[in-house]
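Chain by chain, the residues run as shown.
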Amino acid sequence: MNRRSSGGRAGRRWWLGAGLASCVGLLSGSAAADGAGEQEKNLAETLFQKGRDLMEAGNLKGACPKLAESQKLDPASGTLLYLAECYRRAGQTATAWRTLHDVRALAQKDGRAERIDVARAEIARLEKDLSYLTVNVSSEATAVSELTVECDGTAIHAAAFGVAVPVDPGTHKIIVQAPGYKMVIRDVVVQAGGDRQTVDVSALERLPKLPEPPSTGTPRSSAAPVIPPPVDSGKPLRTAGLAVGGVGLGALAIGAVLGGLAASNQATVSERCPSSPCSDGAAVDLNGAVRTQADASTVLFGAGGGLVALGALFYLLAPGAPPKQEGANASAGLTGIRPVVSGEGGGLWLNGQF
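**Student:** Teacher, can you tell me more about the overall build of the chain here?
**Tutor:** For the chain, the helix and strand inventory stands at 9 helices and 9 strands. Partitioning the intrachain contacts of the chain with sequence separation of at least 6 by distance along the chain shows that 63% fall at a separation of at least 24.

Below you can see the structure in the form of structure tokens.
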């Protein structure tokens, strides 16, 4: 015998009691939902059999969830009848009452007149024992924006305010809340056997405003923001150019001194040894010194001139400096290079401000 078979008269069982005392053909037969796959139907049948056995054994806590899951997988009015009876035995009269209404609707859809009669009779019997809960919300509270009222986590819409609604016996939690207001939580105990309870929600209490952060007292400046001067990216190269040029100038200066000494000593040699070969040993030695000085001067002039030219090249190739602030000397820097030649030697003349 399963939830789909109608069974014979000899297989009928009369265990459900008043209002549900029907044959197995009424209680265990079902109208399977279209579209349920074979796997879902097999699982639904297994859960149904297990739930029915647990209910007959008195284990309602284990039976009702299995019957409910069986109904979810493969809806059938026969399963709903067993589930309604399970809820009734567990003391969940309002849930059983709502389930019987589902039985009647499904049976009407399937054209099962006998099940419609059973559901109606059981609904009438349960209505005598239903307990009710009414939630009254004041007009001040309903005027609050974004107000929400919940009973056991389920929203109560404004249309249900002040309406007595069937509930299962036990403790129910009412929560009322809205942004900017203190939450209202009420626990109400509803007894079995036709008890009626009411919860009144008056005006909500506003939450205190958070204190504003203290003012620093510092007025906002209207002056234009100070813009830091731009970074002079060419400064390192110009500095290197000046350093190299300085070394070159030093070499030119030493070369000029040695050139002057060589010229002066050459005059002395020429005076002491007007003819060659020279018999004056001191003059001969001095003539060797003249050659050394002249050679050193030539080398220093060449190296110094090259260093000065290289330093000038570094300086001139460096990126331009940012604009000077007002009042600064805009003409500072290297402005010209020219060679200088004299009787004592030669060199480069640097013109500018550094």
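Back to the text.
**Student:** How should I be thinking about the sheet that holds strand β5 (residues 170-177) in this particular structure?
**Tutor:** Paired through their backbone hydrogen bonds, the strands of a sheet run either parallel or antiparallel. Pairing within the open sheet is antiparallel, and its 4 strands lie in the order β3-β2-β5-β6. Only two strands of the sheet have a single neighbouring strand rather than two, namely β3 (154-155) and β6 (184-190). Both strand β2 (residues 148-151) and β5 contribute to a ladder of 4 bridges, which runs antiparallel. If you follow Thr148 over to β5, its bridge partner there is Gln177.

**Student:** Please clarify how the state of the cysteines should be interpreted in this entry.
**Tutor:** Every disulfide links exactly two cysteines, by a covalent bond between their sulfur atoms. Overall, the coordinates contain 1 disulfide when judged by the stated rule. The side chain of Cys64 participates in a disulfide bridge whose partner is Cys86; the two sulfur atoms lie 2.0 Å from each other. On the sign convention where negative is left-handed, the bridge of Cys64 and Cys86, at about -105 degrees about the S-S bond, is left-handed. Note that Cys64 is positioned in helix α3 (residues 60-73) and Cys86 in helix α4 (residues 77-89), a separation of 22 residues in sequence.

**Student:** Hey, could you run me through the sheet that holds strand β4 (residues 165-167) in this one?
**Tutor:** Overall, mixed pairing links the 3 strands, which are arranged β4-β1-β7 in an open sheet. Edge positions in the sheet fall to β4 and β7 (196-201), since each of these pairs with one other strand and no more. Taken over all neighbouring pairs, the strand axes of this sheet differ in orientation by 35 degrees on average, direction set aside. As judged from the 3 bridges shared by strand β1 (residues 131-137) and β4, these two strands associate in the antiparallel manner. Across the sheet, residue Leu133 finds its bridge partner in β4, namely Val165.

So, how was this worked out
Residue numbers run consecutively from 1 along every chain, following the written order of its sequence. Thresholds applied to this predicted model are a pLDDT of at least 70 for local features of residues and 80 or more for the giving and counting of side-chain atom pairs; totals over whole chains, interfaces and linings are not thresholded and use all residues. Heavy atoms from the whole structure form the basis of all side-chain values; hydrogens and water molecules are not counted. Each helix is a run of H or I in the DSSP string that is no shorter than four residues. Each strand is a run of E no shorter than two, and both are numbered from the N terminus. We call two residues in contact when some of their heavy atoms are within 4.5 Å. Being paired, for any two strands, means DSSP has found at least two bridges between them. Working definition: a disulfide is two cysteine sulfur atoms within 2.5 Å of each other. Fitted lines through C-alpha atoms serve as axes, helices being fitted only where they are in contact, and the angles separating the N-to-C directions of these axes extend from 0 to 180 degrees.

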